[in-house]
Amino acid sequence: MKIKLGKYELEKPVALAPMEDVTDLGFRLICKEFGADIVYTEFVSSEGLIRSARKSVNKLLTNEKERPVGIQIFGGDPNVMAEAAKIAEDSGPDFIDINAGCWVPKVASRGAGAGLLKDLKQMESIIRSVKNAVSIPVTLKTRLGWDSNSITIFEVAKICADAGLSALTIHARTRDQHHDGEANWDWIRRVKEVSELPIIGNGDIKIAEDAIEMFEYTKCDGVMVARGAISNPWIFKDIKFLMQHGTLPPAQTFQERIDTCLRHLEMEIELKGERRGLMEFRKYYHGYFHGIRNGSALRSKLVRLETLPEIKKAFSEWISSGQEFMENQSAQESLSPSSPSFSQV
Ligand SMILES: Cc1cc2nc3c(=O)[nH]c(=O)nc-3n(C[C@H](O)[C@H](O)[C@H](O)COP(=O)(O)O)c2cc1C
């Protein structure tokens, strides 16, 4: 089934997941360039939006080049969510995504995010309020249930379909699993068998082959990658190439890694200023410089530098010191999601 998001009709799309502190505009544009078909903002607080809190409003920034882009909002109050959805719509995204999966206690314990899995009536009310408030498509991203004793994904899928949502993303874990253990794709497959809604599968796509396997095993309509994209932003290119040609594309050269990293870094600096841009960029170095000889030495050097010219100089020195990119080294070597440290939402 194609996924329709306004004027976009997407067949087997590969989406970049919403990730707090990760999927800002700069990172989204890089992933888009590599082939991500759908991108999402970090989650935005509905309460923050209606109070015009700067942090929330800043997250609404999107760009023509990244379309279709969704703004993800979270909250536990139907009226506030409706108002926030309108504010988000006014900033020009292609769709609104409702977060019904965040396990973090300060969100879930207030009846937002995964907290909605404990109160499906309230979830339905939020879905309907948001849907009525905006004229662009609405989607929802959720988990299997609150815990293994309360799997609610079938009910949630029905609520979403009845309310006319455009797609449902299933992160195939329960709320109490956080990001631990394995995602259980069986549930995605089972929901797909009975639901009329387009289903986007999410959870544990770490390398390109996993995406193909998820499509084949679950028959889902789209797949979504989160931590695998932080570990390797080229994963979208790998997945698309594998889907088309049945093999992986040639590995990117060291120069390509440097060029992409610098382009991304420059975007972050433009968005956030040099100091904050550089500080917040540190989490991305791992993704750009895994699979190279002495890569960890390069990364430890980069994270200590405080200006863009210093970073550029470090790259030049690295190249002139004759450090060689190991083309055949498996990208999987560094795909452990545990490598960089992220707050896991
Ligand atoms: C650093 C980080 C931030 C996240 N932030 C969000 C978020 O803002 N909204 C959301 O719906 N999910 C968020 N998630 C969950 C991911 O979107 C995704 O559902 C989860 O990581 C499972 O996918 P994966 O196995 O591909 O990582 C976050 C995950 C991580 C690791």
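Residues numbered from 1 in each chain as written. Predicted model: local features only at pLDDT ≥ 70, side-chain atom pairs only at ≥ 80, totals over all residues. Heavy atoms only, no water.

(A) Structural view of the overall build of the protein chain. Counting secondary structure elements, the protein chain contains 16 helices and 11 strands. Expected size for 345 residues packed as a compact globule is a radius of gyration near 20 Å; at 20 Å, the protein chain falls within 12% of this value. Along the three orthogonal principal directions, the C-alpha set of the protein chain runs to about 60 × 45 × 35 Å. Taking all 345 residues of the protein chain together, 59% fall into the buried category. (Helix = DSSP H or I, 4+ residues; strand = E, 2+ residues; numbered from the N terminus. Rg over C-alpha atoms; globule rule 2.2 N^0.38 Å. Buried < 20%, exposed > 50% of the residue type's maximum accessible area, 1.4 Å probe, protein only.)

(B) Spotlight on the packing of helix H8 (residues 185-194) against helix H9 (residues 208-218). Contact geometry for H8 and H9: axes closest at 9 Å, N-to-C directions at 45 degrees. Considering the angle they form, H8 stands oblique to H9. Between H8, through Trp185, Asp186, Ile188, Arg189 and Lys192, and H9, the contact on the second element is made entirely by Asp210, Glu213, Met214, Tyr217 and Thr218. Taken together, the residues of the contact of H8 with H9 sort by class into 4 nonpolar, 1 polar and 5 charged. (Axes fitted to C-alpha atoms, helices over the stretch in contact; angles between N-to-C directions. Parallel < 35°, antiparallel > 145°, perpendicular 65-115°, else oblique. Contact = heavy atoms within 4.5 Å. Nonpolar A, V, L, I, M, F, W, Y, C, P; charged D, E, K, R; others polar.)

(C) Focus on empty space enclosed by the protein. Applying the stated criterion across every chain yields a total of 1 cavity of 30 Å³ or more. What the largest cavity holds in volume is close to 40 Å³. Together, Arg275, Leu278, Met279, Arg282, Leu305 and Glu306 line the largest cavity. In terms of residue class, the lining of the largest cavity is built from 3 nonpolar, no polar and 3 charged. (1 Å grid on protein atoms, 1.4 Å probe; cavity = no way out; pocket = protein on both sides within 12 Å on 5 of 7 lines; lining within 4 Å. Points joined across faces, edges and corners; volume = space filled by probe spheres on them.)

(D) How the structure looks around the domain arrangement of the protein chain. Each assigned domain of the protein chain is listed with its residue range as follows: domain 1 (8-245) and domain 2 (254-327). Using only C-alpha atoms to locate each centre, domain 1 and domain 2 end up separated by 30 Å. In total, about 1200 Å² of surface goes out of reach between domain 1 and domain 2, with carbon and sulfur atoms giving 63% of it. When the buried surface of domain 1 facing domain 2 is broken down by residue, Asp24, Ile30 and Trp234 rank first, second and third, together holding 37% of it. (Domains from an automatic or database assignment. Buried area = accessible area lost by both parts, 1.4 Å probe.)

(E) Highlighting the packing of helix H12 (residues 254-272) against helix H16 (residues 308-320). Two numbers describe how H12 lies on H16: the axes approach to 11 Å, and their chain directions differ by 175 degrees. Of the possible angle classes, the one that applies to H12 and H16 is roughly antiparallel. For the pair H12 and H16, contact is made by Phe254, Gln255, Ile258, Cys261, Leu262, Leu265, Glu266 and Ile269 and by Leu308, Ile311, Lys312, Phe315, Trp318 and Ile319, respectively. In terms of residue class, the contact of H12 with H16 is made up of 11 nonpolar, 1 polar and 2 charged.

(F) Focus on the environment of Val22. Residue position: Val22 is located in the loop between strand S3 (14-16) and helix H1 (25-33). Separated by 208 residues in sequence, Val22 and Ile230 have C-alpha atoms that sit 7.9 Å apart.

(G) A look at the side chain of Asp204. Tracing the chain through its elements places Asp204 in the loop between strand S10 (199-202) and H9. Residue classification places Asp204 among the buried positions, given a relative accessible area of 16%. At a separation of 2.8 Å, a polar atom in the side chain of Asp204 contacts the main-chain amide nitrogen of Ala183. (Polar contact = N/O pair within 3.5 Å; in protein donor to acceptor, adjacent residues only side chain to side chain.)

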